[in-house]
Structures are given as structure tokens and as C-alpha cells.
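# Breakdown of the fold
Given next are the chains, with one letter for each unit.
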Amino acid sequence: MALHCPECGFVNPPGANYCQKCGAFLADEANPAATTAQYDLGETGEQESVQQQASAGEGASLVIRTGGRAGDSFALEGDRFTIGRDTDSDVFLDDVTVSRNHAVIVRRADSLHIDDLGSLNGTYVNRRRIDSHKLVDGDELQIGKYKLSFLER
């Protein structure tokens, strides 16, 4: 059964979690617990499914969905986690659409928050530009041309 994107109307293949045209989340009423699939290339060049919990580990993590490093995941350990084009960033995103010091994820009390650091192109969470946002499981971040998923296990 094909899935129609609620944002752009694009017809996606069965089992898709995100629209292939615009990247919007495709809610699956039959399986509300569905998550993003992650694959690695095997020795033969074929895609091999990777369990997301195994790659993301326990606790919070960011998974790059689109951009040059799609599939990479980063465990959010500690109280401060930097994102930007600076090679010293915890999440290094190498593209001119990303500011050198674009955003930071900080722990406040028992939750994680993402703060934009005055970036030129802005930081978006769930398609809304933010200055600061309390992250919840499943949030979709956009930083420059990169789209990332926030997962909390």
C-alpha cells in the first residue's frame, strides 16, 4: 500500500518512514512505533539493515538522515554537544550552509535543549526556526542542508 505524503502529496513506496521528495515524516497508523531504518553497505555493495538501537546506543543520540553523511549517529553524552562546520565540533557538518559554530545541545535539569548560536541559515526543529528548543524523542532537526533525527532511548 503506497503512502501519500501529508506535506507535498508525493506517493512513497510501502514501508517508507519519510517522504522521498520533501523529507516529511510519514505517520504509519498501522505501526505507530515505526522508526527510521538505517543501513550499512556490506562487502558486496548490498545494503544491510542495522538495528538503530544498536548503532545509537542507550540514551540520547542524533542520527543524520540526509546530507553527505546519512546514517551516521552520535551519542549525546555529557552536558554540552557542539554542531557546526568547525572541525572541532562534536558533530562536524562540512557544508557552506552550516555555520562554523551553528548550534549547541545542552543539558538543562533532566532534559536536552538545542540552542542556535546566531547561525546565518538558522536551526530548525520540526520545520520551525528556533532560538532554543527542548528536544523530545523523534524531533527532526535541520541544520543547513542536513536533516537529523533526535532519538532518546
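Our subject is the structure listed above.
Below, the structure is looked at part by part.

### Re the pairing of strand β15 (residues 146–152)
Counting buried residues along β15, 6 of its 7 residues qualify, which places the element largely inside the surrounding structure. Across 6 bridges, strand β5 (residues 60–66) lies against β15 in antiparallel orientation. Its bridge partner lying in β15, Leu62 is registered against Phe150. Strand direction decides the pairing type here: strand β14 (residues 140–143) and β15, joined by 4 bridges, are antiparallel. For Leu141, the partnering residue across the bridge sits in β15 and is Leu148. Where β14 hands over to β15, the hairpin turn is made up of 2 residues, of which Gly144 adopts a positive phi near 60°.

### Section: unusual backbone geometry
Positive phi values are uncommon outside glycine, yet Asn126 reaches one of about 50°. With respect to the element layout, Asn126 can be found in the loop between β11 (123–125) and β12 (128–130). Within the chain, Arg127 stands out as a residue other than glycine whose phi angle is a positive 70°. Structurally, Arg127 is set in the loop between β11 and β12.

### Here we look at the nonpolar core
Membership of the largest hydrophobic core comes to 22 residues, with the highest contact counts inside it found for Leu62, Ile83, Ile105 and Ile114. For this core, the secondary structure elements donating two or more residues are β5, β7 (80–84), β9 (103–108), β10 (111–116), β14 and β15. Setting aside anything within four residues of it in sequence, one finds Ile105 in contact with Leu62, Leu76, Asp79, Arg80, Phe81, Ile83, Leu112, His113, Ile114 and Leu135. Among the nonpolar cores identified, the runner-up in size contains 7 residues, and Leu3, Ala16, Cys22 and Leu26 belong to it.

### Observations regarding the pattern of salt bridges
The full count for this structure, using the stated rule, is 4 salt bridges. Salt-bridge contacts for Arg65 lead to Glu140; the nearest nitrogen and oxygen are separated by 3.1 Å. One end of the pair, Arg65, is in strand β5; the other, Glu140, is in strand β14, with 75 residues separating them in the sequence. Pair check on accessibility: Arg65 and Glu140 agree, each one buried. Residue Arg107 pairs with Asp79 through a salt bridge whose shortest N-O separation is 3.7 Å. Placement of the pair is Arg107 in strand β9 and Asp79 in the loop between β6 (73–75) and β7, with a sequence separation of 28 residues. Look at Arg107 and you get partly exposed, because its relative accessible area is 36%. By relative accessible area, which is 54% here, Asp79 ends up exposed.

Rules behind the numbers
- Residues numbered from 1 in each chain as written.
- Predicted model: local features only at pLDDT ≥ 70, side-chain atom pairs only at ≥ 80, totals over all residues.
- Heavy atoms only, no water.
- Buried < 20%, exposed > 50% of the residue type's maximum accessible area, 1.4 Å probe, protein only.
- Helix = DSSP H or I, 4+ residues; strand = E, 2+ residues; numbered from the N terminus.
- Pairing = 2+ DSSP bridges.
- Core = buried A, V, L, I, M, F, W, Y, C linked by side-chain atoms within 4.5 Å.
- Contact = heavy atoms within 4.5 Å.
- Salt bridge = Lys/Arg side-chain N within 4 Å of Asp/Glu carboxyl O.

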